[in-house]
Amino acid sequence: MDKICITVIIVSYKSAQLTVDAIASVFQEKNKCTNLNVNVVVVDNASGDTPVIAAAVKKEQWSEWVTVLTAPKNGGFSYGNNYGFQYALQQGPVDYFHLLNPDTQMRPGSLKALVDFMESNNKVGIAGSSFETLDGKSWPYAFRFPSLISEFESALQFGPITKLLKNKIVPVVMGDENTPIDWIAGASMLIRCSVVKELRGFDESYFLYYEETDFCLRAKKAGYATWYIPKSRVMHILGQSTKVTEVTDDPKRLPSYWFESRTNYFLKNHGRINTMLIDLLTVLGLGLTTVKRAFKKLLLNKSEKTVPFYTTDLIANSSLLAKNSQKKPFISPL
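Residues numbered from 1 in each chain as written. Predicted model: local features only at pLDDT ≥ 70, side-chain atom pairs only at ≥ 80, totals over all residues. Heavy atoms only, no water.

Undergrad: An account of helix 1 (residues 16–32) is requested, with residue identities and associated values reported.
TA: In a regular helix each residue adds 1.5 Å, so 17 residues correspond to 24 Å; helix 1 covers 25 Å between its end C-alpha atoms and thus fits that length. By the burial criterion, the buried members of helix 1 are A16, T19, V20, A22, I23, S25, V26 and E29. (Helix = DSSP H or I, 4+ residues; strand = E, 2+ residues; numbered from the N terminus. Expected span 1.5 Å × (residues − 1). Buried < 20%, exposed > 50% of the residue type's maximum accessible area, 1.4 Å probe, protein only.)

This is how it looks when you write it as structure tokens:
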């Protein structure tokens, strides 16, 4: 029987040692899965990581199955993965692509669980892992597609409303069974090669964030389901590869590209009028939340830590401003 060909793509940006550790975890899986032909393509997004990673690959004698590429620019997550897709498709047969963050490590059996599920379910186009944090705590989340209701609830953060709209909230706490879901985190995502080709990879108009959400939505529209596979366990040091979602006591200001990606996603998938309505209700929800927190501070002398400048940054990058109201064209070399 021919081996199933898996190409693992790791996009690295100033995370050389993390990437080496991630490759080492793939090596353990590669040795155990005798029915899989596993190769790794590392894409250094023009960050200077290549020398360190290449030296480790040579030292560990991984050169036969690990390739390190240096992209000509830092074009973001979509760009880096598309760069890896292009290279791998030119080199030979690929049955599945496995996207893996540099700040992850595969636990035993994680790759096999994803492949076994996909091989038994040919209508599924994408499968994602469950995660654990560095200290071993479970992080069992997958996600619904964002909507007008989910954005308003997220901005409002009011207990009774949250409870009422619980089936619309984007994050979903997952159980121990394989489950269909709208989208899964790109930190560990197995994709059929045929789906990558049909969808022309990721949309490079997203620099970072919302690209995997958009990809899973486009896959769904094309007839391919996305599933969450809890037996595939991956350790993820949250936020280490981007520093945006890093878990700290003090929330950090979000970069402009997070807000740009959010607006881009809604414009592409909901249209201009609906996106403006979404942004308007989100700003309204944030305003009500500000009032609620002010009363809480005044009456109970309790303050909440919030993301700095979130409301002003969201407005500045929202579709409510004419300069942000046009969707960006789809960009992909595939």
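Undergrad: Which residues make up the environment of P230, and what are the values?
TA: Topologically, P230 is positioned in strand 12 (residues 225–236). Residue P230 is classed as buried on the basis of its relative accessible area, which comes to 13%. In this structure the C-alpha to C-alpha distance between P230 and G175, which are 55 residues apart in sequence, comes to 7.6 Å. Beyond its immediate chain neighbours, meaning those up to four positions away, P230 contacts S130, G175, D176, E177 and N178. (Contact = heavy atoms within 4.5 Å.)

Undergrad: So, the nonpolar core: which residues are in play, and what are the values?
TA: F97, L99, I126, M189 and I191 are the most contacted members of the largest nonpolar core, which has 53 residues in total. Residues I10, V66, L100 and L111 belong to the second largest nonpolar core, which totals 33 residues. (Core = buried A, V, L, I, M, F, W, Y, C linked by side-chain atoms within 4.5 Å.)

Undergrad: Got a sec to walk through the packing of aromatic side chains? Specific residues and values, please.
TA: Here the structure, examined in full by the defined rule, presents 20 aromatic pairs. On the basis of an interplanar angle of 45° and a centroid distance of 5.2 Å, the ring pair of F117 and W227 is categorised as tilted. Here F117, found in helix 4 (residues 110–120), pairs with W227, found in strand 12; they are 110 residues apart in sequence, far enough to count as distant. Here the aromatic residues Y210, W258, F259, Y265, F266 and Y310 are joined through ring pairs into a cluster of three or more. The aromatic ring of F309 is capped on one face by R253, whose charged end is 4.2 Å from the ring centroid. (Phe/Tyr/Trp six-rings, centres within 6.5 Å; stacked < 30°, edge-to-face > 60°. Lys NZ or Arg CZ within 6 Å of the ring centre and 35° of its normal.)

Undergrad: Residues and numbers for the environment of N121, please.
TA: Position of N121 relative to the elements: it lies in the loop between helix 4 and strand 6 (124–132). Judged by relative accessible area, which is 27%, N121 ranks as partly exposed. Taking the C-alpha atoms as reference points, N121 and S261, 140 residues apart in sequence, are found 32 Å from one another. Here F117 takes part through its backbone oxygen, which lies 2.7 Å from a polar atom of the side chain of N121. (Polar contact = N/O pair within 3.5 Å; in protein donor to acceptor, adjacent residues only side chain to side chain.)

Undergrad: Any chance you could break down the packing of helix 1 against helix 2 (residues 50–59) for me, citing the residues and the numbers?
TA: As a packed pair, helix 1 and helix 2 sit with axes 9 Å apart at the nearest point and diverge in direction by 30°. Classified by the angle their axes make, helix 1 and helix 2 are roughly parallel. In terms of crossing hand, the pair formed by helix 1 and helix 2 is right-handed. Note on element contacts: helix 2 touches helix 1 through V52, I53 and A56, opposite A16, T19, V20 and I23. For the contact of helix 1 with helix 2, the class distribution of residues is six nonpolar, one polar and no charged. (Axes fitted to C-alpha atoms, helices over the stretch in contact; angles between N-to-C directions. Parallel < 35°, antiparallel > 145°, perpendicular 65-115°, else oblique. Left-handed = near helix turned anticlockwise from the far one by under 90°. Nonpolar A, V, L, I, M, F, W, Y, C, P; charged D, E, K, R; others polar.)

Undergrad: Just give me the short version of the layout of surface pockets, but keep the residues and values in it.
TA: There is about 200 Å³ of room inside the second largest pocket. Looking at the second largest pocket, it is lined by 16 residues, and the ones nearest its centre are T7, N39, V41, A88 and Q91. Mapped onto the lining of the second largest pocket, the elements with two or more residues apiece are strand 1 (4–12), strand 2 (36–44) and helix 3 (76–91). Among the elements that take part in the lining of the second largest pocket, strand 2 stands out by supplying four residues, more than any other. (1 Å grid on protein atoms, 1.4 Å probe; cavity = no way out; pocket = protein on both sides within 12 Å on 5 of 7 lines; lining within 4 Å. Points joined across faces, edges and corners; volume = space filled by probe spheres on them.)

Undergrad: Kindly report on the pairing of strand 6, identifying the contributing residues and their values.
TA: Among the nine residues in strand 6, nine count as buried, and that is most of the element. The sheet contact formed by strand 6 and strand 11 (residues 188–192) spans three bridges and is antiparallel. Looking at the pairing, G128 lines up with M189 of strand 11. In the sheet, strand 6 pairs with strand 7 (residues 138–139) via two bridges, with the strands oriented antiparallel. In the strand pairing of strand 7, E132 is matched with S138. Hairpin connection, strand 6 to strand 7: the antiparallel pair is bridged by five residues, and G136 has positive phi, about 90°. (Pairing = 2+ DSSP bridges.)

Undergrad: Tell me about unusual backbone geometry, and please be specific about residues and values.
TA: At A46, a position not held by glycine, the phi torsion is positive, near 55°. Summarising the element assignment, A46 is placed in the loop between strand 2 and helix 2. Overall, the relative accessible area of 39% leaves A46 in the partly exposed class.

Undergrad: For the pairing of strand 2, give the residues involved together with the corresponding values.
TA: Note on strand geometry: in a regular strand, side chains alternate between the two faces of the sheet. Burial analysis of strand 2 places seven of its nine residues in the buried class, which makes it a mostly covered element. Sheet topology note: the strand 1/strand 2 ladder contains nine bridges and is parallel. For I9, the partnering residue across the bridge sits in strand 2 and is V41. Handedness of the crossover is the feature at issue here: the chain leaves strand 1, passes through helix 1, returns alongside strand 2, and the resulting connection is right-handed. Across five bridges, the pairing between strand 2 and strand 3 (residues 66–70) is parallel. The residue bridging V41 from the neighbouring strand is T67, located in strand 3. (Right-handed = clockwise from strand over helix to strand, strands pointing away.)

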